[in-house]
Every structure is written in C-alpha cells, then in structure tokens.
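Single-letter residue listing:
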2 protein chains.
Amino acid sequence: MAKSTAKKTKLSKKEYESRVPRLREQLIELQVQLKSANFPVLLVIAGVEATGKGEVINTLNGWMDPRGLEVFAFHPPTDEERERPAMWRYWRCLTPRGRLGVYTGSWYTEALREASIPRSDPKKFQQAMKRIEHFEHLLVADGALVVKCWLHLSKAEQGARIKKLSGNPRTAWRVSQSDWQSHRAYSRINGLGRTLRRTTNRTGARWNLINAADERARNIAVSETLLQAFNGHAQKLKQQPRPQRSKAITPVKPAGLKKLAALPLDQHLSASAYEIKRDKWLGKLNELVRRAEQQRQSIVFVFEGWDAAGKGGAIRRLTSAIDARDCRVIPVAKPTDEERAYHYLWRFWRHVPRDGMVTIYDRSWYGRVLVERLEGFASDGEWRRAYTELNDFEQQLTDHGTIVVKFWLQISKAEQLRRFHHREETEYKKHKINEEDWRNRRKWHQYEIAVGDMLMLTGRPQAPWHLISAENKRYARLQVLKLSCHQIETALAEAQI
Amino acid sequence: MAKSTAKKTKLSKKEYESRVPRLREQLIELQVQLKSANFPVLLVIAGVEATGKGEVINTLNGWMDPRGLEVFAFHPPTDEERERPAMWRYWRCLTPRGRLGVYTGSWYTEALREASIPRSDPKKFQQAMKRIEHFEHLLVADGALVVKCWLHLSKAEQGARIKKLSGNPRTAWRVSQSDWQSHRAYSRINGLGRTLRRTTNRTGARWNLINAADERARNIAVSETLLQAFNGHAQKLKQQPRPQRSKAITPVKPAGLKKLAALPLDQHLSASAYEIKRDKWLGKLNELVRRAEQQRQSIVFVFEGWDAAGKGGAIRRLTSAIDARDCRVIPVAKPTDEERAYHYLWRFWRHVPRDGMVTIYDRSWYGRVLVERLEGFASDGEWRRAYTELNDFEQQLTDHGTIVVKFWLQISKAEQLRRFHHREETEYKKHKINEEDWRNRRKWHQYEIAVGDMLMLTGRPQAPWHLISAENKRYARLQVLKLSCHQIETALAEAQI
C-alpha cells in the first residue's frame, strides 16, 4: 500500500525553525536542477478536509521560487470543460518539462466529491480511478515524476481542527458548511480515500501518507517527500540505459501488411457517375452532421495516408458538406517548441472539439507509430506502448460520445510516383512536394510495415480504421463520404438507445 | 465611406462557372504566398441576416485549401469568456502570421446584437465601436491585413430570401424565429450597420459593401475583394522602406529621467521593525485580496526593475499573503515560437486572469519599450506607438474591473554590481546571473532613458506606476506590500460606488 512516512508527528517551533533554512536551500536547488531537466514534476496534494492542503501549498510557494512553480486549483468545471471528455481539463493544465506543477483539487477531487454523495454509483468511482490510473501511467511512462501526498487526520483530530479554525476570527472564513458535512461523513470519505490510494498506487506515482495533525511536521514531511522523490528520480534517470532505437523495421502483426497488400486498387468511376453519387452523399452527410450537433455529439475525423494519396482533396470534399462555422481542420506538422515541452498527446488534446463541433485532423497522433517509429524520434519502448496509449485516447473520446472516424488512404508506389511528377510539373502544385516526400518514398516498404501494424493494433469497434483504395481519386472521395455517413449514422442511433 | 464594389449584381450560371476555375487558382496561389508571408489575413464576413454569410464561407472553404484557413464563429460567450475583458475572446481566436482567418460572428456581431434590442443604450454601442477600432488598428499597425465585407440586402430582398429558404425543406432548418424578428427590425439594424461601417472604416481595415442579392455574384465579389486586398497589401509591403531602428537612445520625455534620478535610495529599516510591519501588511493584503475575490474583481500585478533589483523576493513576499490556489506567477522571458507568430500583446492576453483571480507578471508587456527598444527588436515606429497600445491594453483591464498594480524597482548602479558579485559567489544563486545581465548593465544609461520614458508615458490614474526605492530590500518589500494594499483598497471602494 501507500508509503507511510515515519516522520515525527510533533515538531517544536524551535526544531522547525532550525530545519527550515536547509530545507529551503534544497528546494531551491531542486528548482535549479529541474530547469535543465527533461521531465516535469507533478506534486499532488490531496486528503480529507481541514488537513491544510492550501497552507502546505502556500508554504511551499513561499519557500520556493514562485516563478518556477505553478499551482493548479480546479474550481467547478467551466462549460468549456464540461463539453469535453473528463480528462481534458487536466490535460489543459499539464506541467511542461523542466517545471513543477502543484495540484490541489487535482484529478482526484471531483471523483472523490461525487463518490462521497450517499447512494452514488460505486461503478462510476471505479471508472474514474481507472481513468486516472491510465492518465498517470501515461505521464510516468513519458518520464514525468508524479509525487502524491495524502494528508491524513483522524476523525477526532479533524473535528478539533475545524472547531479551532471557526473559533479564530482570522481563519473562520475558511470553514464552510461543507467542512462540517464532510466531517460527519468522515468514515465514508476516509474509506474512499483508502480505496483511491490502493487502486492508483503504481510505480512512479506512489501515494505518500502524511500525518497532518501537527502543521509543522506536515510541512516538513511534504517537502521531504518531494525532495526524496526528486532525487531518486534524477538518480534513476542517470542509471537508465539509453533507450533503444532499432534500425530494422519488422512487423509486430504481419497480418496488417497482408491486409494492405490485398486491397484492390483498380476501381473505376466516371466523372458523371461520381457527381451524382457525390451530391447524394454530401446531402446525407450534411444532414447527419446537423443531427449530431442537435444531439450535442462531436465528431473527430482522422486522415492518414501516403504522401500525395489525396488527403487534402478528400478533406475538401468532406468540409463542403459541413457548416464551416462548426468545423476546424488541424493540419499536423512538426510540433512547435511549446508542444514539444509536453507529452506528445498534449497537442492533440488541445484541439478536441466541444460537444456538437467537428475537428478534422489532417495527419494525427498516429505519427507516433509511423514517422516517429521509422525515423527513430520515438524509442522502441515509446512507439510500442503508443498503440495502447492511442487506443486509450480514442476510447476517452468515444466514451464521452464523440464519434471517431479514421481513414487510411492507400495508393500504389507507382501511382505515387506519377503524382509526385505531376506536382513538380504543375505551377500551383509545386509547393506541395519537397525533398522530404522523396525521402519518405525511399522508405516505402518500412512505412508499409508500420501502417500494417497500426491498422491491426488500433482499430476498435467504436473507432475502426477505414482502409480506402485511393488510386482513383473520385472513388476514394466517394468512399470517404459514404463510410463517414455509415459510421456517423450508426453512432447516432446507438447513442439514442 | 465604405468602398462599394461595382460588380455586376446578377451572374448567369454559365458565366459563374467560367470564372470560378481561375478564381480558385488565384485563391490557392494567395494561400501559397501567404504561407511564407510575415503577416496574417483576417477576413471578416458581416451583414444583415439571410445574406448567406455561412454560404460564402463554405464556398471559400471549398475553393481554398482548408488546411491553410481557419474559420472562427463566435457562439454566445462561454463563462470563461464572460469573466474577462470583452476583447479577450477575440485575442484568443487571433490568426497567426502566414495564415488566413475567416471570421463570422466576429467582434461586430455581439455589439450589433445588443444594439438592435429596442431601447438599448446607444453609448454602449459607441464604446464597443471604439474598442473594435482600437483592436483593428493595433493589428493593422502590426502588419495584419484586415478585409471586411458587409453583405447587403434591401428589406424586400431579405424578406423574399427568408421566405424562399423557409419554403424549401432542404433549407428550412436554417430559418429561425430571430430571422423574422431581425427582418421586422430591418431599418434599425440597417442603420446601425451604416453607423458601424462609418465609425470603423479606417485605413488598412476598410469596409467593402457587397450586394448579396445574387448568390453567385456575391461569392465572386467576396473572393475578388479578398484577392485585391491581398495583392495590394503584398505590393505595399514590398515598397515600404525598411523600418528605422535608430542607434542613439534619446529621451521622449526627459522629465522621466530626472524623476528616476531624484528618487532617494538611502532608506534604512531594521530587521525587527521590518518583521512587525510586514506581518501587519501581509494580513491586510490577505484580507483585501479575499475581498476582491468576493467582489469578483481580478488583480494584475506588474513587476519591472533592474536585474537583481529584487523582483523575485518581492513577489515571494507578496504571494505569501495570497492563497496560492487563486494566484499565478507568469515569468516573462523570450517569447516561444508560437507566441512570436502573433501580435506581441497576444502572449500577455493569454494569461489575463478570470474574475476574482490574481496574475503576477514578473516582467511584462513593458519589455516592448525597454529591452525591445534598446536592442532594436522593435523598430522606432513600433516602440513609439507601443505607449498608446500598452495604455489601451491596461485600460481594457481596468474598464473590466481588474485592478492593475505596477512596480518599478529602482537600485543604484553600484548596488547592482554588489549584488551581481554576491550572486556569482553564492552557490545557489549562481544560476541567477549570466552574460546577458552583464551586457544589460553596460547599457545602464540607455535603460535609464527608456525607463524614464515608460514611467512618464504609461502611468494613468487607474494604473499608476509605483516607483520603489529598492536599495534596501526590506524597505522595498514593505513598500510593495503597503502600496499594493492602498491601491487595492481604493479600487475596491470605488467599485462599490
């Protein structure tokens, strides 16, 4: 179970004052080291009411350099937050590498508050814990240090503390009706806390149980917990072997490669037949997107495919059926330096649509298992675990009611060459081709392997891959429209049940 | 008045289809050119109801590459937006350099909607127009191209169009009760539109009046307006002389330099006297900040001062009186590449606090008239007009009810040297000093001139500069606390009247 700090539970003022200066130096030293470190530190301060979570944070804020530290407090979710998957608001407040984020009213608070209401559904609490576990695991795997402190008081100590606070005119304002309520529900909340700590106590994100009965000892204990964790983490990183980046690309799931190769690419479609069908499906799509808006369901489209496979054209046809005011196209290229300072999923979470809106990602998070895998930007460990991370990300979207429609646009190597030449020869298309495209082309077979693995490992029933034969552009565009309609229609109907 | 496009008002289908391909090529060409341009394009589509603003945008979206274009539609303000100055939501949706932003339901819509309510206060409309004029002027001065189209229909044409839309089952959903309401109020709204166009028709952000009676002619007219404006803008930029960056730093307002020199720096304060007073003022500040929170007023602190003047220490004392959960410290260093893609004020607008919250800027927007002026990062024109821009920014904050507290921490050149040496000699302070600090120090006199000008040109009664004598750290910290209390107390009392 959670690590319990065997610190002294009572500290005289004299002893406290003699220890603080050294502690402050160490904390400042931590900040200096962190500045040039390649990981973020997330300090979570949780616990029962009246344990002084706010005071601990204010103390730390006073001891450390407030410029290198950010405090995140979560007030009730705003409407912008409520209209997105539950974890969106925490992704929004993530700490970038090299900085310290202190979280009070963290991702635990909302779940705990809901669960402490009598007769609330225990399954919802379990789900929330699962989500949090995934979230922290994701951060830890990326190198983040997550330090979690649970401030503890016995029921009697809590009662005495609330009474003391109410009695003093300088602190009485801090005591609200809900403190007394939560005092009366002590045993229930304390039990929930135990369950919470047990289910989310994983390597790299361990709980530290801290006795909050003595304020001085509590402040020291939190600081020392942070220092120990930081030093341990820095030490561990130093000893870690360099992440492996294997040169050879071998399939994880060879069936994917076969599936890709088996796709027939010889479809034909006359211009006139195309136009009639296109208009029919555009009308249909327009109606479905409006229905989704009325049902307050958002839609996420993902377009992946070979260079010159026609992603842009397909997106242009798609958007022509959607009210541009409700729709955003996010072209995904190299991350900005701000984006690079965060977990790789952060820049996709940023653009997750509000309920009823549409986001089209032109290339996407799948870059992690495609270009990043092939170019060695992601280590073997990183791209291998990404399949699970990407599935989990999309699961969060679909759990929230978002419809996730994914396309892979497939063309032959010969067709790509034709299109590259055509681009080079056409004045207004020249900008669409560069040295990188040629470089990627030389790695065609390696990409094929990565694509195959992606198709096999990240297609779930709620977020399936649509493999599009894109040799014939008209056929491909029509397929995109048709399959979008089918999937959206089914998802809307299911949501109504 | 607004430029009226003398385009043909009726276009046959045949003529339309013969013109579209060339137009599309030109629009794509515009996007290619824009990619490498150093300015953003903001296309505003406004006008009376039922002129087809949405259709125009969908058409453009279909004609252009949707990856290089972003559509911004403003739905009713979210709570996060309502709790900040009125223009915050538009800053949030600004277009970065090299991209095209299409705005429907732009900054005009909300003002127009409010003003069209019978018996609304005409002064509020004038204020809104003033704010918009400032906003657009700011963008234009920074090089942005703002193209504004007002789609026009006569009352009879509007009525016919609404009727036609309601009659067709495929478009009937687009007609709402408010369309008919707005039709009945046609003459009022049309008049408001006239006033709006007249008051916000400035160089670089001209209105283009477009007849929307014929849909095809309307689509062509908007596209051509955009193309002409873009080509004209690109041409103008080419012919513009290189912005001047004068080497010599001479005061704009010499009185500022005298004021700075006249500040006595010889205060003394014993450690014990300091501690008693400090605790008194900390208590007072804590109470005032809580009162501000109850009154839903936010507070912005600005700390400027010489390197090693003690900004960090003063901020640390200040934050010790504020609940860390309601307070953010924003250390301002070099802008990130994302920030650089926007107007220089964008990165400060991002962090403007919600009602009841506190933001402390450690260095600030005044960098524009200090380091950027001295190092030539801003041209003469840029830093000269910045005084007005900064005043206007703060005015928007104070108009919203935000309390803006600004400090300049002043030390002597000799004291700075002592502190630099001390930093170099102290292990845990070494990280606080680098080559840049020494470089800045060599430009001490030039900085003095810039600081003097800043103090003279950007102190307004609602956002005054507090000039702090910081030679004695204790004295300085106390002054910061005391003056913060005074200003916040006064502002809170005034807001109650």
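Residues numbered from 1 in each chain as written. Chains lettered and ligands numbered in written order. Predicted model: local features only at pLDDT ≥ 70, side-chain atom pairs only at ≥ 80, totals over all residues.

### Brief notes about the sheet that holds strand β7 (residues 299–305) of chain A
Residues and elements named next belong to chain A. What counts is decided by this rule: Strands are treated as partners if at least two bridges between them are detected by DSSP. Comment: elements are numbered from the N terminus, with helices defined as DSSP H or I runs of at least four residues and strands as E runs of at least two. To obtain each axis, a line is fitted to C-alpha atoms, and for helices this fit is confined to the stretch in contact; angles are then taken between N-to-C directions over 0 to 180 degrees. Each residue is represented by a C-beta atom placed from its backbone, and any two residues with such atoms within 7 Å are regarded as in contact.
Taken in spatial order, the 5 strands make up an open sheet running β8-β9-β7-β10-β11, and their pairing is parallel. The open sheet is flanked by β8 (327–331) and β11 (465–469), the only strands paired with a single partner. The sheet shows a mean angle of 20° between the axes of neighbouring strands, direction not considered. The pairing of β7 with strand β9 (residues 358–362) spans 5 bridges and is parallel. Note that in β9 the partner of V302 across the bridge is Y361. Of the strands in this sheet, β7, β10 (403–410) and β11 are in contact with helix α21 (residues 473–496), which crosses β10 at around 160°.

### Quick word on the domain arrangement of chain A
All names here are of chain A. To keep it simple, the criterion reads: What counts as a domain boundary in this text is fixed by an automatic or database domain assignment. Note that Gly is not counted as nonpolar here; it falls among the polar residues with everything else outside the nonpolar set of Ala, Val, Leu, Ile, Met, Phe, Trp, Tyr, Cys and Pro and the charged set of Asp, Glu, Lys and Arg.
Taken domain by domain, chain A consists of domain 1 (3–239) and domain 2 (254–496). Here the C-alpha centre of domain 2 lies 40 Å away from the C-alpha centre of domain 1. Every contact between the two is made by 15 residues of domain 1 and, on the other side, 14 residues of domain 2. Among the secondary structure elements, those contributing two or more residues to the side of domain 1 that touches domain 2 are α4 (88–91) and α6 (122–141). A per-element tally of the side of domain 1 that touches domain 2 places α6 first, with 4 residues. Broken down by class, the residue content of the side of domain 1 that touches domain 2 amounts to 9 nonpolar, 1 polar and 5 charged.

### Thoughts on the pairing of β10 of chain A
Residues and elements named next belong to chain A. To keep things clear, this is the line we draw: The exposure scheme places C-beta atoms from the backbone and then counts, for each residue, the other C-beta atoms within 10 Å of its own, assigning buried at 20 or more, exposed at 12 or fewer, and partly exposed in between.
Burial of β10 is extensive: 8 of the 8 residues sit out of reach of the surface. Both faces of β10 are covered, namely the face carrying I403, V405, F407 and L409 and the face carrying V404, K406, W408 and Q410. Note that β7 and β10 share 7 bridges and pair parallel. What sits directly across from G305, in β10, is L409. Taken together, the 5 bridges between β10 and β11 define a ladder with parallel strand orientation. The residue bridging W408 from the neighbouring strand is L467, located in β11.

### What about the relation of the copies chain A and chain B?
Let me state the cut-off plainly: C-alpha atoms of residues with pLDDT of at least 70 in both copies form the basis for the least-squares superposition of the copies.
Between chain A and chain B, which share one sequence, the superposing operator has a rotation angle of 180° and an axial displacement of 0.0 Å; the RMSD is 0.0 Å. A rotation of that kind, with that shift, is consistent with a two-fold axis.

### Examining the packing of helix α11 (residues 254–262) of chain A against helix α20 (residues 444–457) of chain A
Residue and element names in this part refer to chain A. Stated formally: Roughly parallel here means an angle under 35 degrees, roughly antiparallel means over 145, roughly perpendicular means 65 to 115, and every remaining angle is called oblique.
It is the contact of α11 with α20, at a shortest axis distance of 7 Å, that shows an interaxial angle of 105°. Here α11 lies roughly perpendicular to α20, going by the angle between them. Within the contact between the two elements, α11 uses A255, G256, L257, K259 and L260 and α20 uses E448, I449, V451, G452, D453, L455 and M456.

### Comments concerning helix α1 (residues 13–35) of chain A
All names here are of chain A. What counts here: To estimate how far a helix should reach, multiply one less than its number of residues by 1.5 Å. Here the bend at a residue is taken as the angle between two axes, fitted respectively to the seven residues that end there and the seven that start there.
With 23 residues, α1 should cover 33 Å at 1.5 Å per step; its first-to-last C-alpha distance of 33 Å lies within 8% of that length. At V20, α1 is deflected by roughly 30°, the largest bend along its length, and proline P21 occurs up to four residues later in sequence. Among the residues of α1, those classed as buried are L27, L30, Q31 and L34.

### Overview of the interface of chain A and chain B
Chain A puts 37 residues into the contact, and the matching count from chain B is 37 residues. Among the secondary structure elements, those contributing two or more residues to the side of chain A that touches chain B are α1, α2 (53–63), β3 (69–73), α3 (79–82), α13 (311–319), β8 and α14 (337–340) of chain A. Broken down by element, the side of chain A that touches chain B gets its largest block of residues, 5 residues, from α2 of chain A. Partitioned by chemical class, the residues of the side of chain A that touches chain B number 11 nonpolar, 11 polar and 15 charged.

### Digging into the sheet that holds strand β11 (residues 465–469) of chain B
Adjacent strands of a sheet form backbone hydrogen bonds with each other and so pair up, either parallel or antiparallel. Residue and element names in this part refer to chain B. Spatially, 5 strands are ordered β8-β9-β7-β10-β11 in an open sheet, and the strand pairing comes out parallel. Two strands lie at the open edges of the sheet, namely β8 (327–331) and β11, each paired on one side alone. For this sheet, the mean angle separating the axes of adjacent strands, direction not counted, is 20°. Each of β7 (299–305), β10 (403–410) and β11 touches helix α21 (residues 473–496); the most contacted strand, β10, lies at about 160° to it.

### Points about unusual backbone geometry
At R363 of chain A, a position not held by glycine, the phi torsion is positive, near 70°. Mapped onto the elements of the fold, R363 of chain A is located in the loop between β9 and α16 (371–375).

### Side note on the pairing of strand β4 (residues 100–104) of chain A
Residue and element names in this part refer to chain A. Counting buried residues along β4, 5 of its 5 residues qualify, which places the element largely inside the surrounding structure. Neither face of β4 is left uncovered, since the one carrying L100, V102 and T104 and the one carrying G101 and Y103 both have all their residues buried. When strand β2 (residues 41–47) meets β4, the two strands line up parallel, connected through 5 bridges. When the bridges of β4 are listed, L42 appears paired with G101. Note: β3 against β4, 5 bridges, orientation parallel. If you follow V71 over to β4, its bridge partner there is V102.

### Points about the packing of α2 of chain A against helix α10 (residues 215–239) of chain A
Residue and element names in this part refer to chain A. The condition is simple: Handedness of each helix crossing follows the sense of rotation of the near helix against the far helix: counterclockwise by less than a right angle gives left-handed, clockwise gives right-handed.
Running from N to C, α2 and α10 point in directions that differ by 60°, and their axes come no closer than 10 Å. One element, α2, and the other, α10, form an angle in the oblique class. Every pair of crossing elements has a handedness; the one defined by α2 and α10 is right-handed. Contacts between α2 and α10 involve E55, V56, T59 and L60 from the first element and E215, R218, N219, V222 and S223 from the second. For the contact of α2 with α10, the class distribution of residues is 3 nonpolar, 3 polar and 3 charged.

### Quick notes on the environment of A309 of chain B
Tracing the backbone shows A309 of chain B in the loop between β7 and α13 (311–319). In the structure, A309 of chain B is positioned 149 residues away from A160 of chain B in sequence and 69 Å away in space, judged by C-alpha atoms.

### Things to note about the environment of L151 of chain B
Residue and element names in this part refer to chain B. For L151, the position within the fold is in strand β5 (residues 145–152). Sequence separation between L151 and E425 is 274 residues; the distance between their C-alpha atoms is 68 Å. Setting aside anything within four residues of it in sequence, one finds L151 in contact with I45, G47, T51, G52, K53, I210, A212 and R218.

### Considering the nonpolar core
Where we set the bar: A set of buried residues drawn from Ala, Val, Leu, Ile, Met, Phe, Trp, Tyr and Cys, joined through C-beta atoms within 7 Å, is what defines a nonpolar core.
Ranked by internal contacts, the top residues of the largest apolar core, which has 249 residues, are L43 and L409 of chain A together with L43 and I45 of chain B. Sequence-distant contacts of L409 of chain A, defined by excluding residues within four places in its chain, comprise G305, W306, A309, G310, K311, A314, I468, A470 and A476 of chain A.

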